[in-house]
Amino acid sequence: MELDRADLTLLDALQRDGRATIQSLSEAIHLSARATLNRVRKLEAEGIIEGYRALVSRRVLGEQISVFAEVALKDQRQPVVQRFERKMATAPEVVSCHVISGRYDYLVRIACPHLTEYHRLISAWLDDPALGIEKIVTNIELQTIREFAGFPVPGAPPRRR
């Protein structure tokens with residue numbers, strides 16, 4: 001599906017506010033509400049819009065630490081990689097997991113109630129031979145300057161603050 005300027009504007013607006021009304025979206029792209037709704041439905045059907053989420057304040061969830069863990073596997077054989085990736089995809093503490101280039105294989109963002117829980121978690125991972133972890137380097141988040149709020153949408157109008 002080729003995206004035009006109206007589609008890009010819709011995507012940008014929905015990343016900023018997934019609960020935007022069709023009316024406000026239609027005003028942003030200068031189309032009727034019906035045409036805008038049809039575009040949104042098509043973007044959803046094509047898998048371009050993958051879903052909608054609520055961003056919950058970390059503050060109300062209680063004090064938590066956020067850790068960026070660089071993980072190196074002992075080997076790159078598919079069974080080892082697949083077991084590790086399945087674990088990361090299902091572990092509730094894992095906020096995100098990315099395959100990266102460089103000295104480590106993965107960058108994993110983990111949220112835990114405290115450092116003791118994080119230590120227990122990674123100790124269990126390191127002790128599990130099925131996961132094949134060689135090394136974990138821990139980087140504790142001290143402060144968040146900017147949290148992920150969506151991908152830049154090429155061709156979309158500049159965001160206003």
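Further up the page is the structure itself.
To keep things clear, this report deals only with the structure shown in the data block.

Thresholds applied
Residues numbered from 1 in each chain as written. Predicted model: local features only at pLDDT ≥ 70, side-chain atom pairs only at ≥ 80, totals over all residues. Heavy atoms only, no water. Helix = DSSP H or I, 4+ residues; strand = E, 2+ residues; numbered from the N terminus. Rg over C-alpha atoms; globule rule 2.2 N^0.38 Å. Buried < 20%, exposed > 50% of the residue type's maximum accessible area, 1.4 Å probe, protein only. Contact = heavy atoms within 4.5 Å. Pairing = 2+ DSSP bridges. Axes fitted to C-alpha atoms, helices over the stretch in contact; angles between N-to-C directions. Expected span 1.5 Å × (residues − 1). Parallel < 35°, antiparallel > 145°, perpendicular 65-115°, else oblique. Phe/Tyr/Trp six-rings, centres within 6.5 Å; stacked < 30°, edge-to-face > 60°. Nonpolar A, V, L, I, M, F, W, Y, C, P; charged D, E, K, R; others polar.

Describing the overall build of the protein chain
Here is step 1: Across its full length, the protein chain carries 5 helices and 4 strands.
Here is step 2: The order of α-helices and β-strands along the protein chain, N terminus first, is α-α-α-β-α-β-β-α-β.
Here is step 3: On C-alpha atoms alone, the protein chain measures out to a radius of gyration of 20 Å, which is more than a quarter above the 15 Å that the 2.2 N^0.38 rule sets for 161 residues.
Here is step 4: Looking at the protein chain as a whole, 30% of its 161 residues qualify as buried.
Here is step 5: Considering only contacts within the protein chain whose residues lie at least 6 apart along the sequence, 64% involve residues at least 24 apart.

Some words on the sheet that holds strand β2 (residues 94–99)
Here is step 1: Pairing in this open sheet of 4 strands is antiparallel, and the strands run β2-β3-β1-β4 from one edge to the other. Sheet topology places β2 and β4 (133–140) at the edges, where each strand pairs with a single neighbour. Averaged over all neighbouring strand pairs, the angle between strand axes comes to 20°, with direction disregarded.
Here is step 2: Relative to β4, strand β1 (residues 65–73) runs antiparallel, the two being bridged by 7 bridges. Bridge pairing in β4 places V67 opposite I140.
Here is step 3: Taken strand by strand, helix α4 (residues 78–90) contacts β1, β2, β3 (106–112) and β4, and its axis lies near 30° from that of β3.
Here is step 4: Contacting β1, β2, β3 and β4, helix α5 (residues 115–127) runs over the sheet at an angle of about 165° to β4.

Quick look at helix α1 (residues 5–16)
Here is step 1: Along its 12 residues, α1 runs 17 Å from first to last C-alpha, staying within 8% of the 16 Å computed at 1.5 Å per residue.
Here is step 2: Counting buried residues in α1 gives 9 out of 12 residues, a clear majority hidden from the surface.
Here is step 3: Packing partners of the buried residues in α1 comprise α2 (22–29) and α3 (33–45).

As for the packing of α2 against α3
Here is step 1: It is the contact of α2 with α3, at a shortest axis distance of 9 Å, that shows an interaxial angle of 100°. Taken as axis vectors, α2 and α3 run roughly perpendicular relative to one another. In this structure, α2 uses I22, Q23, L25, S26 and I29 to contact α3, whose residues at the interface are A33, T36, L37, R39 and V40.

Looking at the packing of aromatic side chains
Here is step 1: Applying the stated criterion across every chain yields a total of 2 aromatic pairs.
Here is step 2: Judged by centre distance (5.0 Å) and plane angle (70°), the rings of F148 and F151 are edge-to-face. For the pair formed by F148 and F151, the shared burial category is exposed.

Remarks on the packing of α1 against α3
To characterise two packed helices, one gives the angle between the axes of the helices and the distance between these axes.
Here is step 1: Orientation of α1 relative to α3, taken along the N-to-C sense of each, is 75°, at an axis distance of 11 Å. Classed by the angle they form, the pair α1 and α3 counts as roughly perpendicular. Across the interface between the two elements, A6, D7, L10, L11 and L14 from α1 touch T36, R39, V40 and L43 from α3.
Here is step 2: When its residues are assigned to classes, the contact of α1 with α3 shows 6 nonpolar, 1 polar and 2 charged.

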